[in-house]
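# Notes for the structure review
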Amino acid sequence: MIIAGLDVGTSKVTTVIGELAPDGVLDIIGEGTVPSQGLKRGVVVNLERTTEAIRQSVHQAERVAGVKVERVMLGVGGPHLRSVTSHGLAAIRRGQSISEADVERAIEQAKAYPFDAELELLHALPLEFKVDGQEGIRDPVGMAGVRLEVDVHLVAAGRGPLANLRRAVEEAGLEIEALVAQTLASGLGVLSPEEEHMTVLLLDIGGGTTDVAVFREGRLAHSAVLPLGGDHVTQDIAQLLKIPFEEAERVKRKYGAALPELADPELVLEINQEGGSLGEVPAPELARIIRPRLREILHLARQSVDEAMGPLEIRVNRVILTGGAALLRGFDLLARQQYGLPVRLGKPQGVSGLTDVVATPGHATAVGLVRYGSTLPVRAPEPRRAQRREKKEEAPRGEGFWARLKEILNNLF
Ligand SMILES: Nc1ncnc2c1ncn2[C@@H]1O[C@H](COP(=O)(O)OP(=O)(O)OP(=O)(O)O)[C@@H](O)[C@H]1O
Ligand SMILES: [Mg+2]
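Just so it is clear, the model here is predicted, and its values are computed rather than measured. (Residues numbered from 1 in each chain as written. Chains lettered and ligands numbered in written order. Predicted model: local features only at pLDDT ≥ 70, side-chain atom pairs only at ≥ 80, totals over all residues. Heavy atoms only, no water.)

### Notes on the site of ligand 1
Taken together, 18 residues lie near ligand 1, and Thr 10, Ser 11, Glu 249, Lys 252 and Gly 324 sit nearest. Separating an oxygen atom of ligand 1 from a backbone N or O atom of Gly 324 is a distance of 2.8 Å. Within the backbone of Ala 325, an N or O atom sits 3.0 Å from an oxygen atom of ligand 1. Here ligand 1 has 650 Å² of accessible area as a free molecule, and 90% of this is covered by the chains. A majority-of-atoms criterion places ligand 1 in the largest pocket. Listing elements by their share of the shell around ligand 1, those giving two or more residues are α5 (230-241) and α6 (245-255). With three residues, the single largest contributor to the shell around ligand 1 is α6. Residues of the shell around ligand 1, tallied by class, amount to three nonpolar, 10 polar and five charged. (Near = heavy atom within 4 Å. Polar contact = N/O pair within 3.5 Å; in protein donor to acceptor, adjacent residues only side chain to side chain. Areas by Shrake-Rupley, 256 points an atom, 1.4 Å probe, with all protein chains shown as cover. 1 Å grid on protein atoms, 1.4 Å probe; cavity = no way out; pocket = protein on both sides within 12 Å on 5 of 7 lines; lining within 4 Å. Sits in = over half its atoms within 2 Å of the grid points. Helix = DSSP H or I, 4+ residues; strand = E, 2+ residues; numbered from the N terminus. Nonpolar A, V, L, I, M, F, W, Y, C, P; charged D, E, K, R; others polar.)

Pasting the structure below:
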């Protein structure tokens with residue numbers, strides 16, 4: 001089975017093609033990345049440019065894979081994404097055990113959250129169930145009780161931005177198989193099996209946005225999108241050193257660091273200033289320009305978690321930095337200082353095939369989209385529900401992270 005993930009980002013458009021073998025192994029067989037120019041802060045602002053970039057990136061990936069892509073798992077990002085954890089309740093008839101229909105009823109009730117009319121629901125992800133007040137239940141089906149409760153993480157997206165993204169993809173001749181929040185996809189791309197047992201804060205720091213996601217025991221428990229990313233760092237450098245954006249980007253990638261201590265105190269950089277003159281900047285000075293923006297991003301991410309679930313340091317065991325801007329030298333160290341938590345760099349893992357090509361932080365979302373696709377129960381839209389049940393019964397239960405994840409995703413639709 002062929003699955004294509006399409007990540008339309010502010011900096012780049014990436015297509016990753018995966019092949020899912022019957023034994024469950026996911027092989028990456030194609031990848032295509034082209035610069036993106038039609039987006040601002042994760043949102044399509046120029047349809048034609050976006051469509052063209054999508055076309056090119058898909059073609060590139062198709063050429064590598066030797067297959068044709070017709071349908072894609074599409075990532076949705078941007079600060080218009082809204083999320084909330086909503087509560088659902090279902091009464092169970094006395095003397096009866098909890099059925100799948102009861103679970104669905106509870107979830108449906110949680111889904112009735114009064115989002116703004118401008119928003120469209122993307123995901124309803126069950127977090128945990130409660131039966132007669134007993135917390136921490138994963139699968140209540142078959143249990144006895146009179147009162148079933150569920151916490152569901154809802155993710156919604158703005159209808160306007162969504163319509164433009166859809167149009168850009170359809171104009172490129174592609175069918176959209178599923179819309180997936182980038183916050184969720186990034187996590188699926190980089191979380192390790194070990195992190196299934198933890199509460200993890202994932203930050204995907206892209207060009208124009210930062211995705212903030214908390215995964216509790218492998219399930220998305222909080223998500224938000226900040227309108228800041230690596231391009232803001234570049235802008236700061238350009239502005240303060242009075243150099244063009246492209247030059248600032250070059251200098252950032254080559255010499256940039258998140259902490260002045262990490263920069264070579266002897267190193268003086270030559271920079272091409274506006275108007276053609278040459279300037280000089282000590283490397284630690286460059287880091288001093290970079291650091292405040294990264295701190296701001298980390299601070300806003302913390303605030304978002306604090307407000308939604310309480311103090312970050314208490315709620316979270318580990319922080320994962322991914323997205324292209326996570327490559328900035330020392331970013332992990334800065335995060336460790338600021339949060340006082342273990343921090344690691346996240347790269348896609350647990351796939352085979354073109355692993356060298358996709359094992360970069362910038363590929364977290366696209367690989368996660370393919371992985372999301374690989375967990376979807378049935379790929380034909382029509383007989384989905386009926387077949388889903390069958391499949392669910394066949395699926396081995398509790399066999400590792402991906403089997404569990406599959407179970408979770410099976411409950412979504
Ligand atoms: N080696 C590097 N060092 C520092 N920063 C880097 C490096 N490589 C890429 N970046 C930065 O990463 C950012 C792009 O990240 P990414 O490719 O994940 O963005 P995107 O997914 O297109 O954007 P978004 O998710 O915000 O829509 C840019 O700001 C770029 O400057
Ligand atoms: Mg991105």
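Moving on, there is more to tell.
### What to know about the sheet that holds strand β9 (residues 134-137)
Strand order in the open sheet made by the four strands is β7-β10-β8-β9, with antiparallel pairing throughout. Only two strands of the sheet have a single neighbouring strand rather than two, namely β7 (82-91) and β9. Neighbouring strand axes in the sheet, compared pairwise and without regard to direction, differ in orientation by 35 degrees on average. Where strand β8 (residues 119-131) meets strand β10 (residues 147-158), 11 bridges bridge the pair, whose relative direction is antiparallel. Among the inter-strand pairings, Glu 128 is bridged to a residue of β10, identified as Asp 151. (Pairing = 2+ DSSP bridges. Axes fitted to C-alpha atoms, helices over the stretch in contact; angles between N-to-C directions.)

### Overview of the layout of surface pockets
Within this model, the largest pocket holds a volume of roughly 980 Å³. Lining the largest pocket are 42 residues, with Ser 11, Gly 207, Asp 231, Glu 249 and Arg 253 sitting closest to its centre. Looking at the lining of the largest pocket, the elements with two or more residues in it are β1 (2-8), β12 (199-205), α5 and α6. The dominant element in the lining of the largest pocket, judged by the number of residues it contributes, is α6, at six residues. Of the residues in the lining of the largest pocket, the class split is 11 nonpolar, 20 polar and 11 charged. (Points joined across faces, edges and corners; volume = space filled by probe spheres on them.)

### Considerations on helix α2 (residues 100-111)
Taking 1.5 Å of rise per residue, the 12 residues of α2 would be expected to cover 16 Å, and the 16 Å separating its terminal C-alpha atoms lies within 8% of that figure. Within α2, burial applies to Asp 102, Val 103, Ala 106, Ile 107 and Ala 110. Buried residues of α2, seen end-on, are gathered within an arc of 135 degrees and therefore sit on one face of the element. (Expected span 1.5 Å × (residues − 1). Buried < 20%, exposed > 50% of the residue type's maximum accessible area, 1.4 Å probe, protein only. Arc of directions from axis to C-beta.)

### What to know about the sheet that holds strand β11 (residues 175-181)
With mixed pairing, six strands are arranged side by side in an open sheet as β11-β6-β1-β2-β3-β19. Every interior strand has two partners, whereas the edge strands, β11 and β19 (352-353), have only one. Bridge analysis of strand β3 (residues 26-35) against β19 gives two bridges, and the strand direction is parallel. Its bridge partner being in β19, Ile 28 is matched across the sheet by Gly 353. Sheet contacts for helix α4 (residues 182-190): β1, β6 (71-76) and β11; angle to β11, the most-contacted strand, approximately 85 degrees. (Contact = heavy atoms within 4.5 Å.)

### As for empty space enclosed by the protein
Tallying each qualifying case throughout the model produces two cavities of 30 Å³ or more. There is about 50 Å³ of room inside the second largest cavity. If you trace the second largest cavity, you find it lined by Val 8, Leu 39, Gly 42, Val 43, Val 44, Gly 75, Val 76, Gly 77, His 80, Pro 161, Leu 165 and Gln 182. Contributing elements (two or more residues each) for the lining of the second largest cavity: β5 (43-44), β6 and α3 (159-171). For the lining of the second largest cavity, the class distribution of residues is seven nonpolar, five polar and no charged.

### Topic: the nonpolar core
Ranked by internal contacts, the top residues of the largest apolar core, which has 62 residues, are Leu 6, Ile 54 and Leu 174. The greatest single-element share of this core, amounting to six residues, is contributed by helix α11 (residues 364-375). The residue makeup of this core includes at least three contributed by each of domain 1 (82-156) and domain 2 (210-348). When sequence neighbours within four positions are dropped, the list of residues in contact with Leu 174 reads Leu 6, Ile 54, Val 58, Val 69, Glu 70, Val 72 and Val 169. Leu 228, Ala 283, Ala 325 and Ala 326 belong to the second-largest nonpolar core, a separate cluster that totals 46 residues. (Core = buried A, V, L, I, M, F, W, Y, C linked by side-chain atoms within 4.5 Å. Domains from an automatic or database assignment.)

### Thoughts on the pairing of strand β16 (residues 278-282)
Going residue by residue along β16, you find Gly 279 and Val 281 tucked away on one face and Leu 278, Glu 280 and Pro 282 left uncovered on the opposite face. Pairing geometry for strand β15 (residues 268-272) and β16, over five bridges, is antiparallel. Looking across to β16, one finds that Ile 271 is bridged to Gly 279.

### Focus: the environment of Gly 218
Checked against the element boundaries, Gly 218 lands in the loop between β13 (210-216) and β14 (219-226). Under the relative-accessibility criterion, Gly 218 is labelled buried at 8%.

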